[in-house]
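Notes for the structure review
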Amino acid sequence: MGLTASVLAIDAGNSKTDVAVVAADGEVLATARGGGFRPPAVGVAAAVDDLADTVTRAYEAAGVPSATHVSACLANADLPVEEAQLAAALHARAWGGSVDVRNDTFAILRAGVAEPRGVAVVCGAGINCVGMRPDGRTARFPALGRLSGDWGGGWGLAEEALWHAARAADGRGGPTDLTRTLPAHFGLPTVYALIEALHLERVPPSRRHELAPVLFATASRGDAVARAVVDRLAEEVATMATVALTRLELLEEETPVLLGGGVLTAGHAQLDDRVRELLAAKAPKAVPRVVRARPVLGAALLGLDHVGAPARAQRTTRAFFEA
């Protein structure tokens, strides 16, 4: 077919994987979608085996066998040692001449900026923050949950909501409508019934994250306890962004702060307004912006950065994903 691929872009999250094959001129030759990428649960070899199916489908659709460079933004690549391990596993597949592995948060950051400069805070199932400068300097956090000092994300919010509801129900905490709205989501009459159902797994553990939207809905109706949890998340988002800006010496420069992930793109008015208020106080020159583009765009742009593609090629790739 005469086609050549410059970049194999991979954005592999916990719940889904997107792959794109991109030519040197920025044309997207093919895309494919697969399941989640979870090395901690299944092991690196099995996770890469699952990824291989999606990559193979993308290459077959593009009509090419490989690419010059593999740009992979992967969930669970939280530490440099994990990035190195995953890069070695991908390189062994011979999908491209060179391989660059980053945490998947970098894909959201790069998708939201015209050059590799800025900070991104992502709040989905968990919470993470990264920053980068064109000179290659980065700022990041381990993002391993409470072990590394993190708080927030859909799972953390659900846990916090349950904690407050349980304490309100037995008198250890102040009153909150969460005692009604959380169990009602699962058709249960009381918080005790919900605790029992979760403990005995009559409600599957995988559904616990469904309580995060219930928390926001309860907050939107004025519940003081729920609103306090949302305000705490806003404080965490603004603090992470400010620390990253400080580390990169960007606090005194107008710099984009990209907000991504299911929680931060859902349009929760209280959260959105409070994040912006706090950033205005902590980092007045930060320019907050929500990123809704598919993160695989960011992986593709990082790949095009690596191969030295011209700006027009990057515009072509961006136009494809933002159409």
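Look a little higher up for the structure.
The paragraphs below set out a description of the structure included in this document. What you are looking at is a predicted structure, and each value in this text was computed from that prediction instead of being measured.

Applying the stated rule across the entire model yields 0 disulfides. Cys 129 provides the cysteine sulfur closest to Cys 123, a residue in no disulfide bond, and the two sulfurs are 12 Å apart.

Moving on to the nonpolar core. Here is a general trend for soluble globular proteins: nonpolar side chains tend to be buried in one another's company. In this structure, Leu 157, Leu 182, Leu 233 and Leu 271 are the most contacted members of the largest nonpolar core, which totals 52 residues. No other element matches the 12 residues that helix α9 (residues 224–247) contributes to this core. Those residues in contact with Leu 233, other than ones at most four positions away along the chain, are Cys 123, Ile 127, Trp 151, Gly 152, Gly 153, Leu 157, Phe 216, Val 263 and Leu 271. Membership of the second largest hydrophobic core comes to 30 residues, among which are Ala 12, Leu 51, Val 64 and Leu 74.

Pairing analysis gives 5 bridges linking strand β9 (residues 255–260) to strand β10 (residues 286–290), with the strands arranged parallel. When the bridges of β10 are listed, Leu 259 appears paired with Val 290. Following the chain from β9 across helix α10 (residues 269–282) to the adjacent parallel β10, one finds a crossover that is right-handed.

For the rest of this paragraph, the subject is the packing of helix α6 (residues 178–185) against helix α8 (residues 211–220). For the pair α6 and α8, the least separation of the axes is 10 Å and the interaxial angle reads 145°. Note that α6 runs across α8; the crossing there is right-handed. Touching Leu 178, Thr 181, Leu 182 and His 185 of α6 are Leu 211, Val 214, Leu 215 and Thr 218, all from α8. Along the lines of polarity and charge, the residues of the contact of α6 with α8 split into 5 nonpolar, 3 polar and no charged.

We now examine α10. Helical periodicity: at 3.6 residues per turn, an α-helix aligns residues three or four positions apart in one direction. Here α10 contains 14 residues, and its C-alpha end-to-end distance of 20 Å stays within 8% of the 20 Å for a straight helix at 1.5 Å per residue. Every buried residue of α10 is listed here: Gln 270, Leu 271, Asp 272, Val 275, Leu 278 and Leu 279. The elements touched by buried residues of α10 are α8, α9, β9 and β10.

This brings us to the pairing of strand β6 (residues 118–123). With respect to burial, β6 is a largely interior element, 6 of its 6 residues being buried. Both β6 and strand β7 (residues 127–132) contribute to a ladder of 6 bridges, which runs antiparallel. Bridge pairing in β7 links Gly 118 to Met 132. Count of turn residues in the β6/β7 antiparallel hairpin: 3 residues. In this sheet, β9 lies alongside β6 in parallel orientation, the contact comprising 4 bridges.

All right, on to the environment of His 185 then. Within the secondary structure, His 185 sits in helix α6. Along the backbone, His 185 and Ala 311 are 126 residues apart, and their C-alpha atoms lie at a distance of 48 Å. In contact with His 185, not counting residues within four places along its chain, are Glu 210, Leu 211 and Val 214.

Read across the sheet, 5 strands follow the order β3-β2-β1-β4-β5 without closing on themselves; strand pairing throughout is mixed. Each edge of the open sheet carries a strand with a single partner, namely β3 (28–35) and β5 (96–103). With strand direction ignored, the average angle separating the axes of adjacent strands in the sheet is 15°. Relative to strand β2 (residues 16–22), strand β1 (residues 5–12) runs antiparallel, the two sharing 6 bridges. What sits directly across from Ala 9, in β2, is Ala 20. The sheet contacts of helix α3 (residues 80–91) involve β1, β4 (67–74) and β5, and relative to β5 the element is tilted by about 150°.

Thresholds applied
Residues numbered from 1 in each chain as written. Predicted model: local features only at pLDDT ≥ 70, side-chain atom pairs only at ≥ 80, totals over all residues. Heavy atoms only, no water. Disulfide = S-S within 2.5 Å. Core = buried A, V, L, I, M, F, W, Y, C linked by side-chain atoms within 4.5 Å. Buried < 20%, exposed > 50% of the residue type's maximum accessible area, 1.4 Å probe, protein only. Helix = DSSP H or I, 4+ residues; strand = E, 2+ residues; numbered from the N terminus. Contact = heavy atoms within 4.5 Å. Pairing = 2+ DSSP bridges. Right-handed = clockwise from strand over helix to strand, strands pointing away. Axes fitted to C-alpha atoms, helices over the stretch in contact; angles between N-to-C directions. Left-handed = near helix turned anticlockwise from the far one by under 90°. Nonpolar A, V, L, I, M, F, W, Y, C, P; charged D, E, K, R; others polar. Expected span 1.5 Å × (residues − 1).

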